[in-house]
Amino acid sequence: MENIDSVTLSVINNALINACREMGTAMMRTSYSPIFNEGLDFSCVIFNTRAEMIGQAEFCPTMLGSAQYAVKWTIEELGLDSFEPGDVVIHNDPYRGQCHMPEHMVLKPVFHGGELQCFVGNIAHIGEIGGMAPGSFASDATEVYQEGLRLPPVKIMQRGEYVKDVWRIILTNHRTPKTSWGDLHAMIGSLNIAETRMHELLERYGAELFAAAGDQLLDYSERWMRSEIQEIPNGVYRFQDCMEDDGVTDQPVWMRLKLIVKDDEIIADWTDSDAQASGPVNATFVVTAAATYSAVLHVTNKDIPVNSGCYRPIRLITNPGTVVNVRHPGPSVGGNTETHPHLQNVVMAALSQAVPERAAAAEAGTACNFLFGGAHPETGEYYTNYHFDGGGWGATALHDGNSVMCPVNGNCRNTPAEVLETKYPFLTLEYSLRTDSGGDGKFRGGLGSKRVLRVVGPEITVSALLDRTRTYPWGLFGAGHGAAGGLLVKKKGDSRFRTFSEVYGTVSATKFTRIVLKEDDEVAILSPGGGGYGSPSERTAEQIEDDVRQGLISAAAARTSYGYER
Amino acid sequence: MGHWIDKNAAWYDQSMTYCACCGLVIPSGYWEAEVRGEVLIFCKPDCERLYLEHRLVEGGENETA
């Protein structure tokens, strides 16, 4: 088909985006768990039949970057001919193109005129999928089999009917099957909405034009991305960062990047990275790919339609068996939440050498994963929750960093204290900004938060997976780093907070599983601040005064970091 | 010049094949090519090109970029 006019192409592109947004709204309104309806830890996508993403919206970058691999695997493993109207496939296998075990993709084929036209999909973090730790974040796992129920692409709906055997396997292996039932139906419901929207589009434009529009949008995005990359100076840019420990050993694990910008392409060579860790901080290949894509998208034009086309000029080189490409059966649950933002920050730092005016300093780089579960004291029913907290984002050449934002890989929201207290036996004693946690600079890093929770039931079993508690989110171009985070516990009767290693003897102070807290014990979650940008000496007196007035920095820090005296 | 190969794996086969260049686990079909006398498996022809242009350069260095 000849070139479609730009107006029609824009209308179809926006229709695809809107369909994804509508899916997201349905998910938010109908799901059971706070991780969906408050945290928005999901992504909605539309694919063509060649496993190329043609539509998405403002969801989780890690899922959006990796979805094309999960869909490709699904189509190749099952075969295009195996799909029928009304089918829904589920898939969470990190060794088949998924990010990590909790991320479940449901995928539905869309037929029109008797022919398969496209797929609509939803990837979401199911909060409990079994395994060795309630909440399925096994911070001391040493293999994928400890991380929960692993599902290759299998149908859970066939021609609109439940595939009951598969549902029984899933619900039997999850600790909170009622929640999984509700959340999976929210996901499937969102697919049905998108299917309706695709039928409307196909009815209006016809299958041939619909398919051609998808192809032309992909090519358009690729051309635009190539032209954006051409504006980045050619060169080889290096950076490295580490996970401070892996939950099993107390050793750092380094990821090292050589980023090559050559004309209209970027090559991200990660081959100098450390061997894969014993614990679950390993990234799957698709996580590393998604982190790389995300960083490049941050420094290029935000109006590029984000689809598989804009990823084409970005190529990766990794070695299987390293922290950036875990080899089976290594664990990887933390690779998606913790290692991903580190990887994204590393790419961003490398790019800051080429396009300093577009880059950001390092952000908190941790989701502050705090998992808990047990028998609810009021109902007796088993509950679990995957709680995450935001931290400070890095400052840029134009702005201070945002405070208490979920890391760049998630684009999620914090769960309100009221929701947490209503559903679970925790009382929120404090939820505040951490004064002085943002890195000083011409533009200041965003602030981290402090959240103090008290157990108000007989006991709660908790697990955690946090990083950047001994390392710091770096600043750029003379700015200071953000404050490190932390996770502390105060047992009933104790006079002060201590680390979990001090109290329970865990190898890692912030990566552990299955610690039983008792009534009136308290936990403090400290999220890191973001790095600053530019010399603190260039920050204006007015900005410093405003920071002090708002309590974002202390008067003492105004003096020591900025040399400011009222 | 390489060619496409179908893994033709049995449905119960859980073995994994990795691309020699990018490191991706390959779902089904792969691109097989002989490079300096060694048969290598790639996920797509573009990865063979990247392998030749980048990974074969000593130490992966390509400072001429």
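Note that the structure is a prediction, hence the values are computed from the model and not measured. (Residues numbered from 1 in each chain as written. Chains lettered and ligands numbered in written order. Predicted model: local features only at pLDDT ≥ 70, side-chain atom pairs only at ≥ 80, totals over all residues. Heavy atoms only, no water.)

### What to know about the side chain of A:D440
Residue and element names in this part refer to chain A. Spelled out, the test is: Put simply, DSSP marks the helices as runs of H or I at least four residues long and the strands as runs of E at least two long, and each gets a number from the N terminus on. When accessible area is computed with a 1.4 Å probe and restricted to protein chains, residues below 20% of their type maximum are described as buried, those above 50% as exposed, and intermediate ones as partly exposed. For this count, His and the chain ends are skipped, Lys and Arg are scored as positive, and Asp and Glu as negative. Salt bridges are identified by distance alone: a Lys or Arg side-chain nitrogen within 4 Å of an Asp or Glu carboxyl oxygen. Throughout, a residue-residue contact means that at least one pair of heavy atoms, one from each residue, lies within 4.5 Å.
The residue D440 is located in the loop between β14 (426-433) and β15 (449-455) in this model. There is no salt bridge for the buried D440, and the closest opposite charge comes from R539, which lies 9.1 Å off by N-O distance. D440 has contacts with A479, G480, G532, P536, S561 and Y562, leaving out every residue within four places of it along the chain.

### Here's the deal with the nonpolar core
The cut-off we apply is this: Here, the term nonpolar core denotes a set of buried Ala, Val, Leu, Ile, Met, Phe, Trp, Tyr and Cys residues that are joined through side-chain atoms within 4.5 Å. The split into domains, and so the bounds of each, comes from an automatic or database assignment of domains.
Counting residues in hydrophobic clusters, the biggest one holds 150 residues, and the most contacted among them are A:L16, A:I156, A:M198, A:L259, A:W270 and B:F42. Per-element tally for this core: the top contributor is helix α5 (residues 177-205) of chain A, with ten residues. Counting residues domain by domain, this core receives three or more from each of domain 1 (6-224) and domain 2 (360-566) of chain A. Ignoring anything within four residues of it in the chain, the contact list for A:W270 reads A:M255, A:R256, A:L257, A:T288, A:T292, A:L316, A:I317, A:T318, A:V324, A:L343, A:V346 and A:V347.

### Some remarks on the sheet that holds strand β2 (residues 53-56) of chain A
All names here are of chain A. The condition that has to hold: Two strands make a pair as long as DSSP finds a minimum of two bridges between them.
With antiparallel pairing, the seven strands of this open sheet are ordered in space as β2-β1-β5-β4-β3-β6-β7. The sheet is open, and its two edges are formed by β2 and β7 (161-162), each paired on a single side. Note: strand β6 (residues 154-158) against β7, two bridges, orientation antiparallel. Residue pairing for β7: M157 is matched across the bridge by Y162.

### Digging into the packing of helix α3 (residues 61-78) of chain A against helix α7 (residues 285-299) of chain A
Residue and element names in this part refer to chain A. As a reminder of what qualifies: Think of each axis as a best-fit line through the C-alpha atoms, taken over the contacting stretch in the case of a helix, with angles from 0 to 180 degrees between the N-to-C directions. What sets the label is the angle itself: under 35 degrees gives roughly parallel, over 145 gives roughly antiparallel, 65 to 115 gives roughly perpendicular, and the rest give oblique. Crossing handedness is read from the near helix: turned anticlockwise from the far helix by less than a right angle, it gives a left-handed crossing, and turned clockwise, a right-handed one. Residues are grouped as follows: nonpolar covers Ala, Val, Leu, Ile, Met, Phe, Trp, Tyr, Cys and Pro; charged covers Asp, Glu, Lys and Arg; every other residue, Gly included, is treated as polar.
For the pair α3 and α7, the least separation of the axes is 8 Å and the interaxial angle reads 125°. Relative to α7, the element α3 is oriented oblique. As for how α3 packs across α7, the hand of that crossing is right-handed. Facing P61, T62, G65, S66, Q68 and Y69 of α3, the residues of α7 in contact are F285, V286, V287, A289, A290, Y293 and S294. For the contact of α3 with α7, the per-class residue count stands at eight nonpolar, five polar and no charged.

### What about the domain arrangement of chain A?
Residues and elements named next belong to chain A. What counts is decided by this rule: Buried area, as used here, totals the accessible surface that two parts lose on assembly, with accessibility defined by a 1.4 Å probe and the loss added over both. Identification of polar contacts relies on pairs of N or O atoms within 3.5 Å, with a donor-acceptor requirement for protein atoms, meaning one able to donate a hydrogen and the other able to accept it, and with residues adjacent in sequence counted only if both atoms are side-chain atoms.
The assigned domain composition of chain A is domain 1 (6-224) and domain 2 (360-566). Summarising the inter-unit geometry, the C-alpha centres of domain 1 and domain 2 are found 32 Å apart. Tallying the contact residues gives 28 residues for domain 1 and 30 residues for domain 2. Carbon and sulfur atoms supply 60% of the area buried between domain 1 and domain 2, which totals about 2200 Å² over both sides. Among the residues domain 1 hides against domain 2, the three largest losses belong to E38, P134 and F137. Together they make up 28% of the total. Linking domain 1 to domain 2 there are two salt bridges. Linking domain 1 with domain 2 are ten residue pairs in polar contact (both at pLDDT 80 or more), by the criterion used here. At the level of elements, α2 (34-37) and α3 are the ones that each hand at least two residues to the side of domain 1 that touches domain 2. Among the residues making up the side of domain 1 that touches domain 2, the classes are represented as 13 nonpolar, eight polar and seven charged.

### Some remarks on the pairing of β15(A)
Residues and elements named next belong to chain A. A large share of β15 lies buried, amounting to five of its seven residues. The sheet contact formed by β14 and β15 spans seven bridges and is antiparallel. Residue pairing across strands places S432 opposite K450, the latter belonging to β15. With five bridges joining them, β15 and strand β20 (residues 522-526) adopt antiparallel strand pairing. Following the sheet pairing, R454 is matched in β20 by E522.

### Structural notes on the pairing of strand β17 (residues 486-490) of chain A
Consecutive side chains of a regular strand alternate in pointing toward one face of the sheet and then the other. Bridge count for β17(A) against β20(A) is five bridges, and the pairing is antiparallel. Counted as the bridge partner of A:L487 is A:I525 from β20(A).

### Digging into the interface of chain A and chain B
Residue-level contacts link 29 residues of chain A with 23 residues of chain B. Interface area, chain A with chain B, both sides summed: about 2100 Å², of which 55% is carbon and sulfur. Ranking the residues of chain A by area buried against chain B places A:W73, A:R315 and A:I317 at the top, with a combined share of 26%. Inspection of the chain A/chain B interface yields two salt bridges. Here B:R49 makes a salt bridge to A:E265, at a shortest N to O gap of 3.7 Å.

### Remarks on the layout of surface pockets
Applied cut-off: In this analysis a 1.4 Å probe is tested at points of a 1 Å grid over the protein atoms alone, and where it fits but cannot get out there is a cavity; an open set with protein on both sides within 12 Å along at least five of seven lines is a pocket; lining residues have an atom within 4 Å of a point. Grid points are joined across faces, edges and corners, and a volume is the space filled by probe spheres set on the points.
Roughly 680 Å³ of volume is contained in the second largest pocket. Around the second largest pocket sit 25 residues that line it, and A:Q68, A:Y69, A:K72, A:R312 and B:K44 are the ones nearest its centre. Counting residues per element, the ones that place at least two in the lining of the second largest pocket are α3, α7, α8 (308-311) and β11 (314-317) of chain A together with α1 (45-55) of chain B. In terms of residue class, the lining of the second largest pocket is made up of 14 nonpolar, three polar and eight charged.

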